[in-house]
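# Structural features, examined
Residues per chain, in single letters:
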Amino acid sequence: MMDRRGIIVGLGGLALLAGCMTPPPEPPRIAALDYAARRDGGHTVPAIPIDQIPDWLHRQVVPYETEAAPGDIVIHSENGLLHLVLEDGFALRYGIGVGREGLGWTGEAEIYRTARWPRWTPTPAMIRRDPGLERWADGQDGGPRNPLGARALYLRTLATGADEGIRIHGTPEWRSIGRRASSGCFRMLQHDVIDLHGRVGRGTRVSVI
């Protein structure tokens, strides 16, 4: 039978072993979600009834395994999710709206320009699909009703080095998040695109899979 001294020594060894183990990393903390109305750049961003949007599309930190580097963006079009890769195996995940059937894009790109309350000009192809957009052929000023929303991140593809019209941008149509509704771009809630815009910049790599 093990005597009292042996038990104490054994417990001490277990404590020493436990002290040498590295605890798992803690997930990064983000500010509490706030989708209330706010003033931004001379405009009012309307409140979003976030309780009407499924929880899995809410902005949140999640475990995420990827070969992408921290600071990169990885978009899963099929799932309607955008991930900003963080340190230690985590990502900040946002729900997005993606291109309608036949209008989606996949590949590698980088952000080469960012804009606050950007001006929007429909492409000729968009006008052909929806002739009602003809009135904006010369462009629509930025504002709460502008289809590009409060922020836009402009992408150029790495394959061609060209701007092929792909954007990550806000939208006043919050009900489109999680759906195939855009003309090929990636839509975000206004409050979320403002948050993402503050975390990334020109040169950020974007992978769309």
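Per chain, the residues get numbers from 1 upward, laid out in the order the sequence is written. With pLDDT at 70 or above as the cut-off, local features in this predicted model cover only qualifying residues; side-chain atom pairs require 80 or more to be listed or tallied, and sums for whole chains, interfaces and linings still use all residues. Where side-chain values are given, they derive from all heavy atoms of the structure, hydrogens and water being excluded.

In terms of helices and strands, the protein carries three helices and 13 strands. Residue exposure (1.4 Å probe, protein chains only): buried if accessible area is under 20% of the type maximum, exposed if over 50%, otherwise partly exposed. A total of 209 residues make up the protein; the buried ones form 41% of that total. The contact definition used throughout considers only heavy atoms, calling two residues in contact when any of these lie within 4.5 Å. For the protein, the share of sequence-separated contacts (at least 6 apart) that also reach a separation of at least 24 residues comes to 64%. Residue-level accessible areas treat just the shown protein chains as cover; the underlying method is Shrake-Rupley with a 1.4 Å probe. Looking at the protein as shown, the accessible area adds up to about 12,100 Å², and 52% of this sits on carbon and sulfur atoms. The helix and strand labels rest on DSSP assignments: H or I over at least four residues marks a helix, E over at least two residues marks a strand, and numbering proceeds from the N terminus.

Where burial is concerned, most of helix H3 (residues 190–197) is hidden: eight out of the eight residues are buried. Those residues of H3 that fall on the buried side of the exposure criterion are Gln-190, His-191, Asp-192, Val-193, Ile-194, Asp-195, Leu-196 and His-197.

Counting residues in each nonpolar core, the largest one holds 26 residues, and the members touching the most others are Ile-73, Ile-75, Leu-82, Ile-168 and Leu-196. Contributions of two or more residues to this core are made by strand S4 (73–76), strand S5 (81–85), strand S6 (90–95), strand S8 (107–116), strand S9 (151–157), strand S12 (186–189), H3 and strand S13 (205–208). Of the residues forming this core, the biggest block, three residues, is contributed by H3. Apart from the residues lying within four places of it in its own chain, the contact partners of Ile-75 are Leu-81, Leu-82, Ile-96, Ile-168, Phe-186, Val-206, Ser-207, Val-208 and Ile-209. Nonpolar cores were defined as sets of buried Ala, Val, Leu, Ile, Met, Phe, Trp, Tyr and Cys residues, with membership established by side-chain atoms within 4.5 Å.

Attention shifts here to the environment of Ala-137. Looking at the secondary structure, you find Ala-137 in the loop between helix H2 (124–129) and S9. Beyond its immediate stretch of four places on either side in the chain, Ala-137 contacts Thr-121, Pro-122 and Ile-127.

Moving on to the pairing of S8. Paired strands are those between which DSSP finds at least two bridges. Pairing of S8 with S13, which is carried by four bridges, proceeds in the antiparallel orientation. Following the sheet pairing, Glu-110 is matched in S13 by Arg-205. When S8 meets S9, the two strands line up antiparallel, connected through seven bridges. The residue bridging Ala-115 from the neighbouring strand is Ala-152, located in S9.

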